[in-house]
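Residue-level structural notes
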2 protein chains.
Amino acid sequence: MLNKIEIVKPNEIEKRSFEIITEELEGKTFPEYEDLVVKRVIHTTADFDYVDNLCFSEDSAKIAIEALRNGASIITDTNMAASGINKKRLEALGGTVNCFMAHEDVAKEAEKRQVTRAAVSMERGSQLKGKIIFAIGNAPTALIRLYELINEGIVKPELIIGVPVGFVNVVESKELIMSTEIPYIVSKGRKGGSTVAAAICNALIYQADKIR
Amino acid sequence: MLNKIEIVKPNEIEKRSFEIITEELEGKTFPEYEDLVVKRVIHTTADFDYVDNLCFSEDSAKIAIEALRNGASIITDTNMAASGINKKRLEALGGTVNCFMAHEDVAKEAEKRQVTRAAVSMERGSQLKGKIIFAIGNAPTALIRLYELINEGIVKPELIIGVPVGFVNVVESKELIMSTEIPYIVSKGRKGGSTVAAAICNALIYQADKIR
């Protein structure tokens, strides 16, 4: 049974995975800076739907990489996404990862106002100083609140990664973000998730780190 | 733009999502105990492929729920999966979540032996006392090492959740696990991930907690 296993050294598994992905893309190419984002998302999901789903506003990947090189921090809407982001590499660039979802006062305020914790978390995140990237892998209500905060002039992030997953207001919340002037990377449709959000962050961080 | 948004109260979003999933399954049903597992995975991924991908060995969901009611602990192969499991509800049942991936001595030993950290983590996990469920959402090498440890009689888990994602040995590692006598829940093929592993754990925990 074990003889079906391909022998690949631990530090070469990822490289081999990216080779297989590139092969199966059969010559399809993506713009510079976006290429690694798309491939890392496929690597994380084994889902080639993202070839068509992932939408980049003009130069958004390049703009985000530049922001990360200049110490931008990341705000997520789940501790899962936060946990998947390479914090060591991000901190080497001067940024931090922040998630307010599990803060007790966020839960209390959300309960009192009858909004989601994700919405309150976005308000907290908007108060952070410095360059900010929002990476939303779970809650469409986070994107909806961000849309409002942007329109009210309260926050102007460098990038919004809008990849919540699910069935209630997910498609619509992504469309809202794509209607703003803020650079975005969005997975059109219902698909996405915390692992996708983390994969996009890491693809940007690794590129920023490389050209540092 | 905002008028496209369906107004759903925060505590009803999940309920509404499950209603939509059930509708779109168009009358398709699953065995007791498995139903919530399949639906929670679809809820987490927005991917109906899991209707066909998810394989349960005989009574595996029921066996796992019983083990959780008796205080079984969960071992994951990523901190992301660990972070997604409802620890409060699991601890109420008497179990804990464990992940050895970020332990410094695991990294050192893996480097020295030229194996993956995931493989060493499975060895560490096998030494835990009491009932154990392995939830593998990332590393096929974890499943391969588990297969060996089972065959060597070193570990006999209550359940293996085998849902690593990717391109190198992922399909094969799942087949290995399905060839053992250990109860399993496996996503056949390349798909899976840490969010899928956590969703399966939570679907089992919630059912165990309900009939406590």
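Remember, it's a predicted structure, so these values are computed and weren't measured experimentally. (Residues numbered from 1 in each chain as written. Chains lettered and ligands numbered in written order. Predicted model: local features only at pLDDT ≥ 70, side-chain atom pairs only at ≥ 80, totals over all residues. Heavy atoms only, no water.)

The next thing to look at is the UniProt feature "domain: Cobalamin biosynthesis precorrin-8X methylmutase CobH/CbiC" (unreviewed entry) in chain A. Within the UniProt annotation, "domain: Cobalamin biosynthesis precorrin-8X methylmutase CobH/CbiC" (unreviewed entry) is assigned to residues 12-206 of chain A. Between the C-alpha atoms that bound residues 12-206 of chain A there is a distance of 17 Å. The span itself is 53% helix and 12% strand. (UniProt positions renumbered as here; feature names shortened; annotations may be inferred. Helix = DSSP H or I, 4+ residues; strand = E, 2+ residues; numbered from the N terminus.)

Backbone geometry at Asn-169 of chain A places phi at a positive 65°, although glycine is not the residue there. Positionally, Asn-169 of chain A belongs in the loop between strand S5 (159-162) and helix H10 (170-178). Look at Asn-169 of chain A and you get buried, because its relative accessible area is 8%. Although it is not a glycine, Glu-26 of chain B sits at a positive phi angle of roughly 45°. Residue Glu-26 of chain B is classed as exposed on the basis of its relative accessible area of 73%. (Buried < 20%, exposed > 50% of the residue type's maximum accessible area, 1.4 Å probe, protein only.)

This part covers the relation of the copies chain A and chain B. Under the fitted operation, chain A is carried onto chain B by 0.0 Å of movement along the axis and a turn of 180°, and the coordinates agree to an RMSD of 0.0 Å. Taken together, the turn and the small shift mark the pair as related by a two-fold rotation axis. Proximity to the rotation axis, assessed at the C-alpha, singles out Met-80 of chain A in chain A; its C-alpha lies 2.6 Å from the axis. The share of interface residues of chain A whose copies in chain B are also at the interface is 100%, consistent with both copies meeting through the same surface. (Least-squares fit on C-alpha atoms with pLDDT ≥ 70 in both. Contact = heavy atoms within 4.5 Å.)

Residue and element names in this part refer to chain A. Going residue by residue along strand S6 (residues 184-187), you find Tyr-184 and Val-186 tucked away on one face and Ile-185 and Ser-187 tucked away on the opposite face as well. Pairing of strand S1 (residues 54-56) with S6 involves three bridges; the strand directions are antiparallel. Pairing of Phe-56 across the sheet is with Ile-185, part of S6. Relative to S6, S5 is paired through three bridges, and the arrangement is parallel. Its bridge partner being in S6, Gly-162 is matched across the sheet by Val-186. Of the crossover connections in this fold, the one passing from S5 over H10 to the parallel S6 is right-handed. (Pairing = 2+ DSSP bridges. Right-handed = clockwise from strand over helix to strand, strands pointing away.)

As for its placement among the helices and strands, Asn-3 of chain A is situated in the segment before helix H1 (13-24). Between the C-alpha atoms of Asn-3 of chain A and Gly-130 of chain A, which are 127 residues apart in sequence, the distance is 53 Å.

All names here are of chain B. As summarised here, the arrangement of the six strands in space is S1-S6-S5-S4-S2-S3, forming an open sheet in which the pairing is mixed. With partners counted over all chains shown, the strands left at the sheet margins are strand S1 (54-56) and strand S3 (97-99), one partner each. Looking at each pair of strands side by side, their axes are set apart by 15° on average, direction ignored. Where helix H10 (residues 170-178) meets the sheet, its contacts fall on S1, strand S5 (159-162) and strand S6 (184-187), and the angle it forms with S6 comes to roughly 160°. (Axes fitted to C-alpha atoms, helices over the stretch in contact; angles between N-to-C directions.)

Next up on the list: the interface of chain A and chain B. How big an interface is tends to be stated in terms of accessible area lost as the parts join. Opposite the 48 residues of chain A that make contact, chain B presents 48 residues. Carbon and sulfur atoms make up 70% of the area that chain A and chain B hide from each other, which totals about 3800 Å². Summed over the shared surface of chain A and chain B, the result is six salt bridges. Note that Lys-191 of chain A and Asp-47 of chain B form a salt bridge whose closest N and O atoms lie 3.8 Å from each other. At the boundary of chain A and chain B, one finds eight residue pairs in polar contact (both at pLDDT 80 or more). Sorting elements by how many residues they give to the side of chain A that touches chain B places H1 of chain A first, with six residues. (Buried area = accessible area lost by both parts, 1.4 Å probe. Salt bridge = Lys/Arg side-chain N within 4 Å of Asp/Glu carboxyl O. Polar contact = N/O pair within 3.5 Å; in protein donor to acceptor, adjacent residues only side chain to side chain.)

Let's shift gears to the packing of helix H9 (residues 140-151) of chain A against H10 of chain A. Residues and elements named next belong to chain A. It is the contact of H9 with H10, at a shortest axis distance of 9 Å, that shows an interaxial angle of 30°. Judged by the inter-axis angle, H9 sits roughly parallel to H10. At the point where H9 passes H10, the crossing takes the left-handed sense. Residue-level inspection shows Pro-140, Leu-143, Ile-144, Leu-146 and Tyr-147 of H9 in contact with H10, the latter providing Val-170, Ser-173, Lys-174, Leu-176 and Ile-177. Looking at the contact of H9 with H10 residue by residue, the classes come out as eight nonpolar, one polar and one charged. (Parallel < 35°, antiparallel > 145°, perpendicular 65-115°, else oblique. Left-handed = near helix turned anticlockwise from the far one by under 90°. Nonpolar A, V, L, I, M, F, W, Y, C, P; charged D, E, K, R; others polar.)

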